Structures are given as C-alpha cells and as structure tokens.
Amino acid sequence: MSRRVRGGGSVYKRKDGRWEGTAYLPTPSGAVRRVSVYGKTGKEANDKLAIKLADAKRGIPVPERAWTVGGYLDYWMANVAPKDLRPSTLYMYEGIIRLHIKPVLASRSLTRLTVVELQKFMNEQVARGMTNSTSIQVKTVLMAALTNAMREDVVQRNVARLVKLKTPERKQVHPWTVEEVKHFLTFIREEQLYPAFLITAIYGTRLGEVMGLRWSDIDWERNILHIRQQLLIVGNEFMTGPLKTKQSKRDLPLLLPVRLALIEYRQTMMNLGIEPADDLDLIFRNEKGLPVRPSRFGQYLFHKLAKAAGLRRVRFHDFRHSAATLLKNLGVPDKDIQGILGHAKVSTTQEIYQHVDISVQQQGLSRVEHVLMNSDASTQGRQLLPSRTRFEDSGTPIQSVDRPDDREMQVAIPYFERLTSDRSLTPVMQQLRAATTKRIFGSFAVNLAVKSSQSNSSSLVLWEWLPLREALTPSPSRKLSIRMRHQAA
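Please read these numbers as outputs of a predicted model, since none were measured by experiment.

Visitor: Can you help me understand the packing of helix 5 (residues 115-127) against helix 6 (residues 132-151) in this one?
Guide: Helix-helix packing is described using two parameters, namely the angle between the two axes and the distance between the axes. Helix 6 packs onto helix 5 with a crossing angle of 155° between their chain directions and a minimal axis gap of 11 Å. The angle between the axes of helix 5 and helix 6 places the two elements in the roughly antiparallel class. Handedness of the helix 5/helix 6 crossing: right-handed. On helix 6, the residues that touch Leu118, Phe121, Met122 and Val126 of helix 5 are Ser135, Val138 and Leu142. Of the residues in the contact of helix 5 with helix 6, the class split is 6 nonpolar, 1 polar and no charged.

In structure tokens, the structure reads:
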C-alpha cells in the first residue's frame with residue numbers, strides 16, 4: 001500500500017520488502033526528474049524523501065542524472081578538467097583515476113558517497129602499501145572532481161575534503177654550498193649544455209623552465225631573460241605548456257656570464273651543423289636537433305657530471321634551494337627572492353627553499369663569542385668594536401697628538417681619565433646620559449678646533465660621572481664634570 005508524503009511524492013513497499021519513496025523534483029536545467037529513496041521501514045523512506053522535498057523548496061536542485069563515481073570522473077576529465085589543468089597534470093590525474101580510484105569506487109553512487117566510506121577506502125589502500133604521496137594525489141583528484149560536482153549541484157558537500165591522511169614529514173634538504181656550486185660550474189665549463197646549468201645555478205629556474213627557454217625569450221638589447229613557458233613530456237611527446245603558477249611568469253636581468261655563454265652555445269651549434277627538428281624555437285637541443293628531454297638532463301646527465309666532479313649526490317631541483325639560500329645570505333629581501341624564483345607565496349621561499357648556512361652561522365656566533373668572552377677590549381681599536389649607546393668603564397685608549405701651529409703651541413687631544421656607569425639607572429636614563437656625554441665631547445671638539453689658540457697649551461680631562469641622585473641634588477659642590485686645566489706656556 002502506498003501513501004502520500006506531505007508536500008508531494010509517495011512512499012510504498014516494494015516486492016523485496018524494502019520501502020521506496022519517490023517524487024518529481026526540479027533539476028539545474030529547470031526540468032523535473034523522478035527521484036527515489038529507500039528504507040527498511042516506511043518511516044525511514046518517508047524521512048529521506050521529506051529531506052529531498054525540503055531541499056527542493058530551499059532551491060537546491062537534484063542532479064540531471066544518477067551519477068556513479070566512475071561515470072562522473074569520466075565526464076569531468078573529458079569536459080571540465082582540460083580547461084583548468086596543464087597537460088602533464090591531466091596525464092597524472094588519468095593514471096591516478098585508472099589505477100587507484102576506479103577499481104574500487106567506480107560503481108559507487110556519487111551522491112551517496114560518505115566521509116566514512118571514503119575514509120575507509122583510503123585507510124585500506126594505505127594498509128595495502130599505497131605510498132603517502134600517492135594517497136595525497138588520490139585525495140587531490142577526488143577533491144577537485146567533487147568541487148566541480150558541488151558547482152553543478154550534483155552533490156551538496158565535498159566529502160573528500162573531510163578525509164584525514166597522515167601528514168608527510170618534509171624531507172631535510174641539504175643543497176650544495178656556494179663552494180660546491182662553483183666547483184661544479186668550473187668542472188663542466190666545456191660541456192655543451194653548460195649554459196643550461198649556469199642559468200639554473202644563478203636564477204634557480206625549474207627544470208622545465210630552463211629546458212623550455214626559447215631564443216625569442218632573450219631580449220639582447222635590454223639584457224632581459226623572459227620566463228614564459230616550460231617544456232613538458234606527455235606520454236612520449238614533447239610539448240610546451242604554461243608555467244606552474246601565475247607568479248612563475250617573470251623577467252630576469254640577463255647577466256653578462258649568461259649572455260656570453262648563450263652566444264658561445266649558439267655558435268657551437270652552428271659550427272656542429274645542428275638544426276632544429278621542429279618549430280618550437282627552443283634553445284637547448286640534442287645532436288639530432290630535438291628538444292633535450294628534461295629527465296635525461298636533470299637526472300642522468302646532471303648526476304653523471306656531479307659524480308665525475310667528486311661532489312655529493314643532490315637533486316637537480318636543489319639548485320633552487322642553493323640559489324635561494326645564497327640570495328638570503330647576501331641580504332636580498334625575501335620578496336625579491338620570491339620574484340626571482342617565481343614562487344606564488346613568499347612563505348614558500350622562506351620556509352622551504354631558504355636554508356641555514358653553517359658558514360654564516362659561524363660568522364654570527366663568532367661575533368657573539370667575541371662580545372661575551374673578550375674581556376680585554378683595549379687590545380682592539382675602537383673602529384673594530386660594535387657601536388654602543390653608552391660609554392663603559394673600558395679604559396679605551398686615545399693617543400695624544402702634537403700639532404704645531406704658527407705659535408709653536410702644543411695642543412693635547414682630550415683623554416678619558418675614567419667613565420663609570422650607575423647600574424641603578426633605568427635604560428631611559430642611561431640613554432639620556434649617553435646623549436649628554438656625546439654633547440659634551442662635541443663641545444670639546446669645537447673648543448680644540450676653534451679656541452685652542454687662546455692659550456699656549458691645554459689638556460682636557462673628563463672626570464667620573466656622579467650618581468644621578470647626587471647630581472640632581474642642588475649643591476654647588478656637586479657640579480660636574482668638566483674641568484679645564486691650563487698649563488703655562
């Protein structure tokens with residue numbers, strides 16, 4: 001027996017014993033579609049149908065068709081993803097869907113996919129040996145597809161976003177030092193592809209970016225290197241594609257060593273008679289005139305040359321880390337380093353690509369050690385010591401200089417007899433005392449330079465500071481601090 005649901009639709013018992021609720025509800029295109037829900041009891045089916053009817057009243061349409069996970073992924077990859085993703089990303093997504101998602105989830109209803117079900121699927125795959133990076137890729141593909149499904153009103157929420165995966169530990173990167181990079185560039189100076197390594201070492205370009213450079217990207221007149229595309233391998237086919245991010249499109253100064261290396265490389269290619277085998281206008285090519293395969297250049301050739309040079313094994317991508325760290329050590333602002341490397345966020349530059357340089361640490365800690373451990377400050381000239389905001393009882397020596405003038409006078413440069421500090425003073429008052437001292441010394445300098453001719457010889461002595469509390473107490477006997485001692489001619 002069937003019964004009507006309030007607001008439309010009906011609920012009835014099926015021959016298999018289950019209860020089914022049906023109703024005709026609007027779709028995104030404005031048409032109507034028959035929707036069915038099921039339950040073990042009439043009440044369960046009635047409650048599910050009531051939810052569907054309530055969603056329709058709130059303006060939430062039902063999908064045009066009943067999608068399975070596999071069916072919707074096929075639709076998304078064929079009609080939506082190519083508009084947003086690069087060819088290499090599409091190629092990777094296709095493999096993830098075919099090898100890891102469809103074998104288990106292809107027949108599941110897309111609209112009935114739950115967080116619990118998807119979490120169980122991911123946990124089982126990891127338990128069977130799926131790597132952490134692959135599980136992250138699976139989640140990424142599902143999130144992208146379900147985001148589009150939400151946009152098309154196929155599903156109401158993106159359950160893939162709620163799946164939890166183990167956060168991968170970032171591997172410690174130890175890029176080459178400045179000395180190692182210099183040694184490598186010197187060792188490979190006669191290599192035909194030396195300019196490609198030089199560009200990567202100086203600018204920190206990505207592998208696909210340096211392999212995708214065109215002659216038209218070189219502005220010889222203004223000395224600018226344009227980064228506009230990257231070389232991709234999709235399947236077994238060469239193609240150029242857009243850069244990784246919008247910020248990756250950048251203009252860099254064409255430095256003289258790079259300019260000369262490119263000119264020499266072009267002349268070498270002409271001397272060898274190597275002509276381009278395509279119309280991609282790429283700079284770097286093999287002996288057959290074809291583009292240099294990025295994997296061969298960045299893995300086989302790079303590691304072969306590094307081993308021959310006696311250097312430790314690092315990734316080719318670590319050139320970017322070395323460049324970022326060197327720029328940091330040279331004091332280049334992080335925002336400018338971000339622009340040179342083409343990162344989307346400055347936090348990526350700071351947190352991932354800039355590394356601690358032990359030599360820079362050594363220099364900084366040596367300064368700290370000198371300040372803390374060197375008690376005999378008088379052994380060094382004042383010019384080598386850091387500037388201070390107040391004078392200390394350090395017995396700083398100042399040499400006296402005899403300066404004859406027209407009257408055959410001897411004028412002594414002021415010397416410091418003793419300067420002590422009142423440890424009970426606050427930092428503000430210590431700053432005030434330092435500023436006052438500076439003003440007194442300025443007056444000394446003027447007195448020596450302008451008024452010294454008024455006496456045959458003079459010597460200036462700055463005595464001890466009085467404690468501030470005593471100096472502020474009105475008393476003629478406590479007036480300080482400067483006394484002129486005149487000597488007879």
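Now that the structure has been shown, we can carry on.
Visitor: Explain the pattern of salt bridges here, please?
Guide: If the charged atoms of two oppositely charged side chains come close together, the side chains can form a pair. For the coordinates displayed, the defined rule picks out 17 salt bridges. In this structure, Asp16 engages Arg14 in a salt bridge whose closest nitrogen and oxygen atoms are separated by 3.3 Å. The residue Arg98 makes a salt bridge to Glu94 at a minimum N-O spacing of 2.9 Å. Here the residue Arg98 and the residue Glu94 both occupy positions in helix 4 (residues 87-105), the gap between them amounting to 4 residues, near one helical turn. Exposure remark for Glu94: the relative accessible area of 34% places this residue in the partly exposed category. One salt-bridge network, in which partners are shared between bridges, spans Arg14, Asp16, Arg18 and Glu20.

Visitor: Explain the packing of aromatic side chains to me, please; I cannot follow it from the model alone.
Guide: Two descriptors summarise a pair of aromatic rings, namely the distance from one centre to the other and the angle between the planes of the rings. Per the stated rule, a full pass over the model turns up 18 aromatic pairs. Ring centres of Phe197 and Phe316 lie 6.3 Å apart, and the angle between their planes is 65°; on these two criteria the pair is classed as edge-to-face. With Phe197 in helix 8 (residues 194-203) and Phe316 in the loop between helix 11 (294-308) and helix 12 (318-329), this pair connects stretches of sequence that are 119 residues apart. A residue is classified by how much of its surface remains accessible, and Phe197, at 1% relative accessible area, is buried.

Visitor: Help me understand the nonpolar core in this model?
Guide: Across soluble globular proteins, you tend to see nonpolar side chains buried next to one another. One finds Phe184, Phe197 and Phe284 to be the most contacted residues of the largest nonpolar core, which totals 44 residues. The next biggest cluster of nonpolar side chains, apart from the first, holds 33 residues, and it includes Val141, Met143, Ala145 and Val163.

Visitor: What exactly am I supposed to notice about the sheet that holds strand 5 (residues 218-219) here?
Guide: Strand pairing in a sheet relies on backbone hydrogen bonds, with the paired strands running either antiparallel or parallel. The 3 strands are arranged 5-6-9 in an open sheet whose pairing can be described as antiparallel. A single partner strand is all that each edge strand has here, and the edge strands are strand 5 and strand 9 (250-253). Of the strand pairs in this sheet, strand 6 (residues 224-227) and strand 9 are connected by 4 bridges, and their pairing is antiparallel. Among the inter-strand pairings, Ile224 is bridged to a residue of strand 9, identified as Pro253.

Rules and cut-offs
Residues numbered from 1 in each chain as written. Predicted model: local features only at pLDDT ≥ 70, side-chain atom pairs only at ≥ 80, totals over all residues. Heavy atoms only, no water. Axes fitted to C-alpha atoms, helices over the stretch in contact; angles between N-to-C directions. Helix = DSSP H or I, 4+ residues; strand = E, 2+ residues; numbered from the N terminus. Parallel < 35°, antiparallel > 145°, perpendicular 65-115°, else oblique. Left-handed = near helix turned anticlockwise from the far one by under 90°. Contact = heavy atoms within 4.5 Å. Nonpolar A, V, L, I, M, F, W, Y, C, P; charged D, E, K, R; others polar. Salt bridge = Lys/Arg side-chain N within 4 Å of Asp/Glu carboxyl O. Buried < 20%, exposed > 50% of the residue type's maximum accessible area, 1.4 Å probe, protein only. Phe/Tyr/Trp six-rings, centres within 6.5 Å; stacked < 30°, edge-to-face > 60°. Core = buried A, V, L, I, M, F, W, Y, C linked by side-chain atoms within 4.5 Å. Pairing = 2+ DSSP bridges.

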